[in-house]
Every structure is written in C-alpha cells, then in structure tokens.
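Inside the fold
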Amino acid sequence: MLIYNYELPTTGAISFSEICTDNTSNHAHTIHLSDATQQRANLRAALKAHKRADETDDDYLKQVKILEDYLPQLYGIISCVSQDELSFKSEPAFSWRTTLSSTLLNNSPRLELPTLHVELSFSLLTYGFLLSNHARSILNTLGTYERDKYISDADRTSKDATLNFAVTLLCRASGVFSHLAESVLPLLRIPTRPPDLSREVVLALSKMALADAQSLAIRKLRTKAAAESALRPGPPLPASHPSPALIAKLYLECAELYAAARALVLTSGASEVTADLRTRLSDAYAWHTALAHEWLGVDAGEHGSSARGGEAVGFLTWARKELTSLRNAHGRLDPMKKGKGKANRIANELAAVEEFLKHYKKLDDSLHFQPVPTQAELQARIPAGRMAVAIKPFTPPPPAFGPGSTEYSRRQTQPSQLTGLSPSKGIQEEDDVLSSKDADYAGAGSYF
C-alpha cells in the first residue's frame, strides 16, 4: 500500500522581535530574536509555496532543512523564556491550519492557540509529516523495479539503497511523532485541542510510520526473489526467496501496528479525524493481514510435509477472501483517481494467491488428502509477529542561543577552564579549548 500522503499545514506570520522583551542587561538576544523571526518566515514561505507547487523530492528535502534550521531557534526562545531572559509583552497566539481534522466542508480550519508549546507541537508535527512525505516521494521515483525481469544487479542494489533510505526516513518520522506525543503534548495547557494535537492521534501516526517502514523493509528483503519470480511466476519459490514463515511474521507485525494505530484514532474520537486517515489505517490493516495469511499458506505448502497440505489451502483461501473483499471495495473507484494504483496492486496480489492456491490444492487433492482446517482452527495456528525495523528516537537539537546552547555553556565554563594558566600559555590553551568545543558543535543543528 502507498505511504500516507499528509496535507501540510500552513501558518500565520509572527515576529518574535515584536512579541518578546529581551530582559538581559546587554540585550544580547535582540539579534537572536531577529534570526528566529527570519527562520520562521522561511518556514512559512516554504509551506505556502508547497500549496501552489507540484510534489517533488527536492521540495520536501528543502522544507525539511528549513524546519531543521528553525527548530534550534525555537528551542532557544523556549529556553530563554523559562529562565526569564525573555518575556512576552502579551500572551502570544500562534496560527496554524489543522490538517487531520474532519470537517463538513472538508477543508483545513485555521486555529489561533497560545503558548510556545503549541508552536513547538505544530513544528514537530510538520517535521514528521515532511519526513514521511519525503519517503513517499522517493518511492514514487522507484516504481516497481523489483518486478523488472531484466534489471541488473547493480541497478537493483542502487534502488535497494534508495528504498532503505525511505525506510530510515519513516523510522525517523515515527521517532518525531513519538517524542511529540510523549514529551511535548503533555505540556500543553489549552482547554480544547484539535486532533492534530491529540496524544492518541499522534501516537497513532508514530505507529503508522513504523508499520510503513516495516512494510518497505519486507519489500527490500524480497527484491531479488521478486525479479526471479517475475521470470518464472508461481511455486516453487526461487532459492533466493526469504523464508515464507519469516515474511508472514513480519507482515503480522505490520498488521498489529496498523490495528493499534486505528484503535488509538478511535479512542480519540474517530469522527473528528479526517476520513482519509481512518480509511488508510483500515485498508493497511486488511492488506497486511491478507499478506500474512498468504505467506502462512505458502510456508505450509513449501514445508514439504503432507500433514500441512490442508493448512496451505486453508490459509490461501482465507487470503483470497480478504483480498477479494479489498478489491471489491477499491475496484469501483474512478479509474482516473488515485485508487487505480491501489486496485491494481490488489489485483496483482490476488493473481499470485490464486496461482499458489491452485498448485497446493492440486497437491492436496491428489497426493496429501489432508482436511482443510476451519478459519477458527487456522487462527489458533497463527504465530506472533516479528519486527524488522526500530523507531529512531528524536533528540531535540540544542538551543541556538540562551541557556542550554553551546555558546552559553562555553561562557559559563570558560573562567574555570582558564584558571591557573600561565600568561605565556593562556592564549594558546584558550584557543585550544574553544577550538575543541567548536569542533564538538560543528553540525550539531544539522541532524537531518
């Protein structure tokens, strides 16, 4: 299934220089506030430009880097406010469009909410959206290369590396969403909040991103075998094919993650969340469950034991039923709409299931003569899922200025570091200390 395509929010203009008062004796943060205002203006302009432009890889990459430049500035303001080095002239209001809300007009309402943690929450939410959308745009450039019968090993290796990068982006998006849900949203002190700022919904996004990463990891695991199967479809499996039992367990874990995400969305109030997201979670769960049943059937069929012949037929029949239900739900879509690709993928997978089922049923009817277990009996034989990827925890960047920043720490520790230095060595050793700390900080804000 395709990676979910997030609608990016837009935001209203704000000037930190105008809403903040610099309480330091030498007004050291005046230039910092100006820089933060400029970085936020860059982010606002990029998000607005995206609304008017076609989706491209470079577009998402550029926006990710702009947001990564802004986050250290925002953390710097939050740090200074917490230490009273900055204060607000009046209660600030941050304007953002909500893109996960379900509305009668199917639009994205704009909300004005107070506190810096609202600004941080929407910024991190947008960061997760961008990482996921960037992964999706990368996949669009790959196509279905693994089904190319004549792809060279070098080309496949190159495309596998690109696919793996998309997996990494999704694992990072999962980490951003998780950090937002667990560490930032609990700090919000607002009476009501949209689904975009619901802890349950954001946790659901984290699980969905991780499930998407796992699904792509399975695809990468099967690329070589997929090319060989394209030359000779159907059973038996090529020697390069990963263990069907392993593939089934990986798909089962995907299905569990999508199911957990859907449950979290329902907990938060499904009617408030956009129908596109709810449908995507339901479809992804059904799709990966069907694939798990398919590969449990193939595992039983390839096991080589006559005692599992009926089990192979049972699981594959179950998978065929589930895929047929999905095909019926999506096959009626307008062929000019995005559902066309989804319907084609379902049809292709259904054809593969039919091929395996025909083969194993013929063996069971003519050689094994094993009864086909009921669906309840098959359910009892389903193993636990298995993870192939892991969430990449998000670590907030150090503040660009103020308490907690590298510059601030250096100023605080500098006198003690230079104590006892002889006049002849003092300048050189001070330079060594500063050079060392600068080297440690180089690229500290560039965590993309």
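Given the structure is predicted, the values throughout are model-derived calculations rather than measurements. Starting from 1, residues in each chain are numbered consecutively following that chain's sequence as written. Only residues with pLDDT of at least 70 get local features here, since the model is predicted, and only at 80 or more are side-chain atom pairs given and counted; chain-wide, interface and lining totals rely on the full set of residues. Only hydrogens and water are removed before side-chain values are computed, so all heavy atoms of the structure are retained for them.

Things to note about the nonpolar core
Keep this limit in mind: As used here, the term nonpolar core means buried Ala, Val, Leu, Ile, Met, Phe, Trp, Tyr and Cys residues forming a set that is joined through side-chain atoms within 4.5 Å. Summary of the burial criterion: residues with accessible area below 20% of their type's maximum are buried, those above 50% are exposed, and those between are partly exposed, where the area comes from a 1.4 Å probe applied to protein chains only. Only DSSP runs of H or I covering at least 4 residues are called helices, and only runs of E covering at least 2 are called strands; the numbering of each starts at the N terminus. The contact criterion used is simple: two residues touch if any of their non-hydrogen atoms lie within 4.5 Å.
Membership of the largest hydrophobic core comes to 117 residues, with the highest contact counts inside it found for F16, L124 and L205. No other element matches the 14 residues that helix 4 (residues 116-142) contributes to this core. Leave out the neighbours within four places in its chain, and L124 touches L71, Y75, V176, H179, L180, V184 and F394.

A word on the pattern of salt bridges
Rules: Salt bridge criterion: a side-chain nitrogen from Lys or Arg within 4 Å of a carboxyl oxygen from Asp or Glu.
Evaluation of the coordinates by the stated rule reveals 12 salt bridges. A salt bridge links R381 to E311, with the nearest nitrogen and oxygen atoms 3.3 Å apart. Of the two residues, R381 sits in the loop between helix 12 (375-380) and helix 13 (406-418) while E311 sits in helix 10 (residues 309-330), which places them 70 residues apart along the sequence. In this structure R381 comes out as partly exposed when scored by relative accessible area, which is 42%. Three or more residues are tied together by salt bridges with common partners; here these are D299, R308, E311 and R381.

Re the environment of G310
Its location among the elements puts G310 in helix 10. Judged by its relative accessible area of 0%, G310 falls in the buried class. Taking the C-alpha atoms as reference, G310 lies 6.5 Å from D364; in sequence the two are 54 residues apart.

Re the side chain of H288
With respect to the helices and strands, H288 occurs in helix 9 (residues 275-302). With a relative accessible area of 1%, H288 lands in the buried category. Setting aside residues up to four positions removed in sequence, H288 forms contacts with S215, Y251, C254, A255 and Y258.

Considering helix 6 (residues 199-221)
Quick reminder of the rule: One less than the number of residues in a helix, times 1.5 Å, gives the span that helix is expected to have.
An ideal rise of 1.5 Å per residue puts 33 Å on 23 residues; helix 6 measures up with 33 Å between its terminal C-alpha atoms. Among the 23 residues in helix 6, 18 count as buried, and that is most of the element.

Some words on the environment of V353
You can see V353 is positioned in helix 11 (residues 339-368). On the accessibility criterion, V353 (0% relative accessible area) is buried. In this structure the C-alpha to C-alpha distance between V353 and A290, which are 63 residues apart in sequence, comes to 10.0 Å.

Quick look at the layout of surface pockets
The cut-off we apply is this: Each cavity reported here is a set of points on a 1 Å grid over the protein atoms alone in which a 1.4 Å probe fits but cannot get out, each pocket an open set with protein on both sides within 12 Å along at least five of seven lines, and each lining residue one with an atom within 4 Å of a point. Grid points are joined across faces, edges and corners, and a volume is the space filled by probe spheres set on the points. Amino acids outside the nonpolar list (Ala, Val, Leu, Ile, Met, Phe, Trp, Tyr, Cys, Pro) and the charged list (Asp, Glu, Lys, Arg) are all regarded as polar, and Gly is one of them.
By volume, the largest pocket is sized at about 1,200 Å³. Together, 39 residues line the largest pocket, and T144, E146, R147, R222 and E349 are the ones closest to its centre. Of all elements in the fold, only helix 4, helix 6, helix 7 (223-231), helix 8 (244-269), helix 9 and helix 11 reach the threshold of two or more residues within the lining of the largest pocket. Here the residues of the lining of the largest pocket are counted per class, giving 18 nonpolar, 9 polar and 12 charged.

Side note on the confidence of the model for the protein
Basically, it comes down to this: Per residue, pLDDT measures the predictor's confidence, with a range of 0 to 100.
Looking at the protein as a whole, its pLDDT mean stands at 87, while 86% of the residues score no less than 70. Long-range and interchain partners of residues 332-339, a stretch whose pLDDT sits below 50, account for 3 contacts in this model, where long-range means more than four residues apart. Confidence over residues 418-448 falls short of pLDDT 50; this stretch has 30 contacts with residues more than four positions distant or in other chains.

Structural notes on the packing of helix 4 against helix 5 (residues 153-184)
The condition is simple: With axes taken as lines fitted to C-alpha atoms, and helix axes fitted only over the stretch in contact, angles between N-to-C directions fall between 0 and 180 degrees. In what follows, roughly perpendicular refers to angles from 65 to 115 degrees, roughly parallel to angles under 35, roughly antiparallel to angles over 145, and oblique to any angle outside these ranges. Two helices cross in a left-handed way if the nearer one is turned anticlockwise from the farther one by less than a right angle. They cross in a right-handed way if the turn is clockwise.
In contact at an axis separation of 9 Å, helix 4 and helix 5 are set at 165° when each is read in the N-to-C sense. Relative to helix 5, helix 4 is oriented roughly antiparallel. Classified by chirality, the crossing of helix 5 by helix 4 is left-handed. Taken together, the residues that form the contact of helix 4 with helix 5 break down as 20 nonpolar, 7 polar and 2 charged.

Observations concerning the environment of S95
Topologically, S95 is positioned in strand 3 (residues 93-97). In this structure the C-alpha to C-alpha distance between S95 and L113, which are 18 residues apart in sequence, comes to 6.6 Å. Setting aside residues no more than four positions away along its own chain, S95 makes contact with T10, T11, G12, R40, R110, L111 and E112.

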